[in-house]
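Structural overview for review
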Amino acid sequence: MSLFGVPKEVAVGTAMLGVAFAAGMLAGKRYPSLGFGTPRPSIIGKSSALQQYILDHSLREHPVLKKLRLLTADHPYGKMMVSCDQAQLMANLVKLIKAKKVIEIGVFTGYNTLNMALVLPDNGKVIACDINEDYVKIGKPLWKEAGVEHKIDLRIKPAIHTLDDLLAGGEVETFDFAFIDADKESYNEYYEKCLRLVKKGGIIAIDNVLWNGRVLKPRRDDLATQSIHRLNEKLLRDARINISMLPMEDGLTLAFKL
Ligand SMILES: C[S@@+](CC[C@H](N)C(=O)[O-])C[C@H]1O[C@@H](n2cnc3c(N)ncnc32)[C@H](O)[C@@H]1O
Ligand SMILES: *[C@@H]1O[C@H](CO)[C@@H](O)[C@H](O)[C@H]1NC(C)=O
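Residues numbered from 1 in each chain as written. Chains lettered and ligands numbered in written order. Predicted model: local features only at pLDDT ≥ 70, side-chain atom pairs only at ≥ 80, totals over all residues. Heavy atoms only, no water.

Turning to unusual backbone geometry, a few remarks are in order. Phi angles above zero are rare outside glycine, and phenylalanine 108 is one such case at about 55°. Its place among the elements puts phenylalanine 108 in the loop between strand S1 (101-105) and helix H5 (111-119). Positive phi, normally seen in glycine, also occurs at tryptophan 211, with a value near 45°. Position of tryptophan 211 among the secondary structure elements: in the loop between strand S5 (198-207) and helix H9 (223-237). (Helix = DSSP H or I, 4+ residues; strand = E, 2+ residues; numbered from the N terminus.)

Our focus in this paragraph is the site of ligand 1. Around ligand 1 there are 19 residues in total, and Val82, Gly106, Asp130, Ala159 and Asp181 lie nearest to it. Between an oxygen atom of ligand 1 and a main-chain N or O atom of valine 82, the distance comes to 3.1 Å. Between ligand 1 and glycine 106 there is a distance of 2.8 Å, counted from a nitrogen atom to a backbone nitrogen or oxygen. Across the complex, the protein chains shield 89% of the 610 Å² of accessible surface that ligand 1 would expose by itself. (Near = heavy atom within 4 Å. Polar contact = N/O pair within 3.5 Å; in protein donor to acceptor, adjacent residues only side chain to side chain. Areas by Shrake-Rupley, 256 points an atom, 1.4 Å probe, with all protein chains shown as cover.)

A sheet is described by the order of its strands in space; here seven strands give the open sequence S3-S2-S1-S4-S5-S7-S6, paired in mixed fashion. With partners counted over all chains shown, the strands left at the sheet margins are strand S3 (152-156) and strand S6 (241-246), one partner each. Between one strand axis and the next, the sheet turns by 15° as a mean value, whatever way the strands run. By the bridge criterion, five bridges tie strand S2 (residues 125-130) to S3 in an arrangement that is parallel. Looking at S3, one finds that alanine 128 is bridged to leucine 154. (Pairing = 2+ DSSP bridges. Axes fitted to C-alpha atoms, helices over the stretch in contact; angles between N-to-C directions.)

Okay, helix H2 (residues 49-56) next. For an α-helix, the turn length of 3.6 residues means that residues three or four places apart are oriented alike. Turning to H2, its buried residues number three or more, namely Gln51, Leu55 and Asp56. Down the axis of H2, the smallest arc covering the buried residues is 135°, so these residues share one side. Exposed positions of H2 whose direction lies more than 90 degrees from the buried face are Ala49 and Leu50. (Buried < 20%, exposed > 50% of the residue type's maximum accessible area, 1.4 Å probe, protein only. Arc of directions from axis to C-beta.)

See below:
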C-alpha cells in the first residue's frame, strides 16, 4: 500500500533514508538549535517541544556540515551561526532555481557557505565575504574535507568593497542567490547592491529580520534595529521584488527579484 499516495518506490527510498538518518542521530547528537545561545522569539516558541519536533522531523544534515556545526557551537560567538533549518531551506532554494553563482555576506565559520557549495554544480561558485579571517579559518579545512573548496571564492575585506568589485567587474545580473547576514547597519546597502547583482528570478535571503523582537519597538539609539526595521518597511513596498518573511529562527526574508 502506498504511503499517503506516494508511489511505492519513493516511499521505500524515503523509509531507507529515514533509517540512515535515525542511525546518524543515534551515533551523534540530535539537532540542538535550541541549545545555542539565547532563545529567540518565534511564532512557535523557540524552546518549545513543537520547535524541537520540527527540527527532528525535517533536518537532513550532511555529515561534514554537522561536524562544522558542532565545532562552531564551541566557539564563544557560536550563536552567530546560521540555524540548520534556515541553511537547509537555502540549500533547497539554491537547488530549486538551479543556481550556479551565489554570494554570502557574512561567512563566520562557513557553515552556510559550505551548505551552499555542497548543492551547487561542480562549476558553481560561492563568493564568500567576510572581514574576519580568524573565524573563517575554523571552517575552511572542512570545506576541503567535503570536497567543495574549489567552489568557494573567499574575499576577506568589507563586503561593500567586494560587492562594488563585482559590480565594477561586469557581474551585474549574473548571480542566482544572495544571503545577507553581516553587520546590520549596512543591510540596506547590501540589499541594493545584491539586487543589482542578482538575475531576474534570483533570490536574496536576509537573516535576522525580526532581530530578537526588537523591530517591534526600535529605539532611536539602536542603529542595528533601526536599519533592519527600515529595510523591512521598504521591502514591503518594493515593486522590484516579491517577498516572503518567514518566522524561522530570528526571521528570514526571501526577496524574489522580478
Ligand atoms: C552572523 S555572522 C555570519 C554567519 C554565517 N552566515 C553562518 O553561516 O554561520 C556575521 C559575520 O559577518 C562578518 N562581518 C561583519 N561586518 C562585516 C563587513 N563589513 N563585511 C563583511 N563581513 C562582515 C563577521 O565577521 C561575521 O563573521
Ligand atoms: C509579485 O509582485 C507583483 C508586482 O508587484 C505583484 O503584481 C504580484 O501580485 C506579486 N505576487 C505575489 C505572489 O506576491
